[in-house]
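Geometric and topological summary
As a plain string of letters, each chain reads:
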Amino acid sequence: MADPEASFALRSVYVFPNPAVGGQKPTVHVAVGRADKVTLRFYDIAGTPVHEAALDTPSVINDESGPHLAYEYAWEGPIPSGVYLYVVTAEKAGHAPIKRVGKFAVVR
């Protein structure tokens, strides 16, 4: 039987905690099955690029819905207070890319 987690399809994309308060690390959660590459780009509210990351290996995340594959990235470092935009692009050979945009807040 085929592993349903291996299929490349959008399941969920979000940032937690939102807002990230008092030194918490905003973490991007991307559940798309198995991708060749997941690229994360962060922008300030004016649209200026401020950070970027690429992920190529999913983790098994066990939450209230049970274990599943997801790519997670915790943005570390000094992040000023503000509202940020993120663009997630997941790619897999032979499939159309999955792209999602969202926003989150950081309060220091």
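As a reminder, the structure under discussion sits directly above these lines.
All residue numbers refer to positions counted from 1 along the written sequence of the respective chain. Side-chain atom pairs in this predicted model are given and counted only at pLDDT of 80 or more, local residue features only at pLDDT of at least 70, and totals for whole chains, interfaces and linings cover all residues. Note that water and hydrogens are dropped before the side-chain values are worked out from all heavy atoms of the structure.

Between any two strands, pairing holds if DSSP finds at least two bridges. Per the convention used, a helix needs a DSSP run of H or I reaching at least four residues, while a strand needs a run of E reaching at least two, with both numbered from the N terminus. Spatially, five strands are ordered β2-β9-β8-β4-β5 in an open sheet, and the strand pairing comes out mixed. Only two strands of the sheet have a single partner each, and these edge strands are β2 (20-21) and β5 (49-55). As paired strands, β2 and strand β9 (residues 98-107) are joined by two bridges and run parallel to one another. Residue pairing for β9: Ala 20 is matched across the bridge by Val 106.

A few words on the pairing of strand β1 (residues 12-16). On a regular strand, each side chain points to the face opposite its neighbour's, so the side chains alternate between the two faces of the sheet. Residues of β1 alternate between two faces, with Val 13 and Val 15 buried on one and Ser 12, Tyr 14 and Phe 16 left unburied on the opposite face. Pairing of β1 with strand β3 (residues 27-31) involves five bridges; the strand directions are antiparallel. Across the sheet, Phe 16 pairs through a bridge with Thr 27, a residue of β3. Buried residues are those whose accessible area, probed at 1.4 Å on protein chains only, stays under 20% of the maximum for their type, while exposed residues exceed 50% and partly exposed ones sit between those limits.

With that settled, the discussion passes to the sheet that holds strand β7 (residues 66-74). Here we have four strands laid out as an open sheet, ordered β1-β3-β7-β6, and antiparallel in their pairing. Edge positions in the open sheet fall to β1 and β6 (59-63), since each of these has one partner strand only. Adjacent strand axes in the sheet meet at a mean angle of 40° when their direction is disregarded. As judged from the five bridges shared by β6 and β7, these two strands associate in the antiparallel manner. Its bridge partner being in β7, Val 60 is matched across the sheet by Leu 69. Structural elements are reduced to axes, namely lines fitted to C-alpha atoms, with helices fitted over the stretch in contact, and the angle between N-to-C directions of any two is expressed from 0 to 180 degrees.

This part is about unusual backbone geometry. A cis geometry characterises the amide bond from Phe 16 onward to Pro 17, with omega recorded as -15°. Tracing the backbone through its elements, the reader meets Pro 17 in the loop between β1 and β2. Look at the link from Asn 18 to Pro 19: it is a cis peptide, with omega at 10°. By the element assignment, Pro 19 lies in the loop between β1 and β2.

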